[in-house]
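Here is how the chains run, residue by residue.
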Amino acid sequence: MKIAIIFHSPSGTTKQLAQAIAEGAAQPDIEVIQAEIVGADIEDGRFRNTELLQQLTRFDALVFGSPTYMGSVTAQFKAFADATRELWEQQNWAFNTDR
Ligand SMILES: Cc1cc2nc3c(=O)[nH]c(=O)nc-3n(C[C@H](O)[C@H](O)[C@H](O)COP(=O)(O)O)c2cc1C
């Protein structure tokens, strides 16, 4: 089982939660990675870290983390979520149980 935790955490609280989840999920047969969304991933308002997006197709479970900003996720997290549109279109995430 492979688990990825993707989060944005400008002041570190969500990062602590991501760390706690990673520690709680860790087992000999479970791989857990943490990927922090950072400002450099965003160009002209778009999430451009294609390496991370491509990596995410190989995980069995994804955990998302964002602070609440004005009642929603942060703009940076939303940019990441927007960038996953093609993965969703290809059904590389949900509903695919054959990997
Ligand atoms: C611009 C801004 C907007 C925020 N809006 C909300 C909000 O609508 N509701 C809320 O409960 N907290 C809000 N917060 C508080 C953050 O969600 C909270 O401090 C969070 O733990 C920060 O996470 P981080 O340490 O991972 O960056 C806001 C903080 C900032 C800076």
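Now for a look at the structure at hand. Model, not experiment: these values are computed from the prediction. (Residues numbered from 1 in each chain as written. Predicted model: local features only at pLDDT ≥ 70, side-chain atom pairs only at ≥ 80, totals over all residues. Heavy atoms only, no water.)

**Points about the environment of V63**
Move 1: Summarising the element assignment, V63 is placed in strand β5 (residues 61-65).
Move 2: For the pair V63 and I21, spaced 42 residues apart in sequence, the C-alpha to C-alpha distance is 8.9 Å.
Move 3: The residues contacting V63, other than those within four sequence positions of it, are I3, A4, I5, I6 and I21. (Helix = DSSP H or I, 4+ residues; strand = E, 2+ residues; numbered from the N terminus. Contact = heavy atoms within 4.5 Å.)

**Quick look at the site of the ligand**
Move 1: Close contacts around the ligand come from S9, P10, S11, G12, T13, T14, P67, T68, Y69, M70 and G71, and that covers them all.
Move 2: S11 is positioned with one of its side-chain polar atoms (N or O) 2.6 Å from an oxygen atom of the ligand.
Move 3: A distance of 2.8 Å is found between a nitrogen atom of the ligand and a backbone nitrogen or oxygen belonging to M70.
Move 4: Summarising the interface, the protein chains cover 54% of the accessible area of the ligand, which totals 640 Å² for the free molecule.
Move 5: Taken together, the residues of the shell around the ligand sort by class into four nonpolar, seven polar and no charged. (Near = heavy atom within 4 Å. Polar contact = N/O pair within 3.5 Å; in protein donor to acceptor, adjacent residues only side chain to side chain. Areas by Shrake-Rupley, 256 points an atom, 1.4 Å probe, with all protein chains shown as cover. Nonpolar A, V, L, I, M, F, W, Y, C, P; charged D, E, K, R; others polar.)

**Some details on the pairing of strand β2 (residues 31-36)**
Move 1: Both strand β1 (residues 2-7) and β2 contribute to a ladder of six bridges, which runs parallel. Bridge pairing links I3 to V32 in β2.
Move 2: Chirality of the crossover, the property in question, places the unit of β1, helix α1 (residues 13-25) and β2 among those that are right-handed. (Pairing = 2+ DSSP bridges. Right-handed = clockwise from strand over helix to strand, strands pointing away.)

**What about α1?**
Move 1: The terminal C-alpha atoms of α1 lie 19 Å apart, and with 13 residues this matches the ideal 18 Å at 1.5 Å per residue to within 8%.
Move 2: The set of residues buried in α1 consists of T14, A18, A22 and A25. Down the axis of α1, the buried side of the element spans an arc of 85°, and every buried residue falls inside it. Pointing more than 90 degrees away from the buried face of α1 are the exposed residues T13, Q16, E23 and G24.
Move 3: Its buried side turned inward, α1 meets β1, β2 and β5. (Expected span 1.5 Å × (residues − 1). Buried < 20%, exposed > 50% of the residue type's maximum accessible area, 1.4 Å probe, protein only. Arc of directions from axis to C-beta.)

**Points about the layout of surface pockets**
Move 1: Considering only enclosed or pocket space, the largest pocket measures out at about 210 Å³ in volume.
Move 2: Around the largest pocket sit R46, T50, L53, Q54, D82, A83, R85, E86, L87 and Q90, which together line it.
Move 3: Those elements that provide at least two residues to the lining of the largest pocket are α2 (50-55), α3 (75-83) and α4 (85-89).
Move 4: Tallied by class, the residues present in the lining of the largest pocket amount to three nonpolar, three polar and four charged. (1 Å grid on protein atoms, 1.4 Å probe; cavity = no way out; pocket = protein on both sides within 12 Å on 5 of 7 lines; lining within 4 Å. Points joined across faces, edges and corners; volume = space filled by probe spheres on them.)

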